[in-house]
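Residues per chain are reported as follows:
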Amino acid sequence: MKRLERLLVPMIMVGILVLSGCVALGPTSGLKLKHQPVPQAAGGSTSGPSFKQVEIPVDKAVVYIYRPSSPLFGADVRIPFDVKANGKVVTTLVQGGYYAYFTEPGQIEFTAFDTGFMAPKSTFSITLDAKAGQAYYLKGAHGKGLGGRAHLALVSPEVGANEIANCKVTTTQ
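Here is a short report on the structure shown in this document. (Residues numbered from 1 in each chain as written. Predicted model: local features only at pLDDT ≥ 70, side-chain atom pairs only at ≥ 80, totals over all residues. Heavy atoms only, no water.)

## Concerning the nonpolar core
Among the nonpolar cores identified, the biggest contains 18 residues, and Val 63, Ile 65, Phe 81, Val 83, Tyr 101, Phe 110 and Leu 152 are the most heavily contacted of them. Residue assignment for this core shows that the elements contributing at least two residues are strand E2 (61-67), strand E3 (81-85), strand E4 (88-93), strand E6 (106-114), strand E7 (123-130), strand E8 (135-142) and strand E9 (150-155). Within the second largest apolar cluster, 9 residues are counted, among which are Tyr 64, Tyr 137, Ile 164 and Cys 167. (Core = buried A, V, L, I, M, F, W, Y, C linked by side-chain atoms within 4.5 Å. Buried < 20%, exposed > 50% of the residue type's maximum accessible area, 1.4 Å probe, protein only. Helix = DSSP H or I, 4+ residues; strand = E, 2+ residues; numbered from the N terminus.)

If you want it as structure tokens, here you go:
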């Protein structure tokens, strides 16, 4: 009986951790039920059309901000995060989503900001010197586990165009 009592507290702690992980990942955990729609994470949805390159106005630049899908147990957790351009939130980035951000030429600081319930509330910034008439690809990802942080990486147009091909437009709610 004493052995059971000694194991009771650790078992309860493990149960709480498992349940809190389920709450944090919520409906974006990748589990799909047959014949039922899968709700998206609060703040964003990838219910829009598939990727399509846009025509870039001659006096603007476009930055495709995207986050490719990964398997349930892949390197990227499924927690959405906000992306800011010069301090202003432009999109909530979810897996399998992209957002075409039109901007004036010049330096733009893009910041990935964790917003999830269990997220560490960290930020990651990258500065881009945008040129008129050019397209840029910023790949978003989230580090492994609940302690991982959101980050962005500038990738080549060839890599970006290949990786973004299966993404859908992210609509912010």
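## Thoughts on the pairing of E6
With 5 bridges connecting them, E3 and E6 associate as antiparallel partners. In the sheet register, Asp 82 faces E6, and the bridge partner there is Phe 113. Bridge analysis of E6 against E7 gives 8 bridges, and the strand direction is antiparallel. Note that in E7 the partner of Glu 109 across the bridge is Thr 127. (Pairing = 2+ DSSP bridges.)

## What to know about the packing of aromatic side chains
For any pair of aromatic rings, the description rests on two quantities: the centre-to-centre distance and the angle between the ring planes. Counted under the stated rule, the structure contains 3 aromatic pairs. For the ring pair Tyr 101 and Phe 110, a centre distance of 5.8 Å and an interplane angle of 85° mean the geometry is edge-to-face. With relative accessibility at 17%, the residue Tyr 101 sits in the buried group. Given a relative accessible area of 0%, Phe 110 falls into the buried group. Put simply, the rings of Tyr 64, Tyr 98 and Tyr 137 touch in pairs and so form one group of aromatic residues. Sitting over the face of the ring of Phe 113, Lys 84 holds its NZ or CZ atom 4.8 Å from the ring centroid. (Phe/Tyr/Trp six-rings, centres within 6.5 Å; stacked < 30°, edge-to-face > 60°. Lys NZ or Arg CZ within 6 Å of the ring centre and 35° of its normal.)

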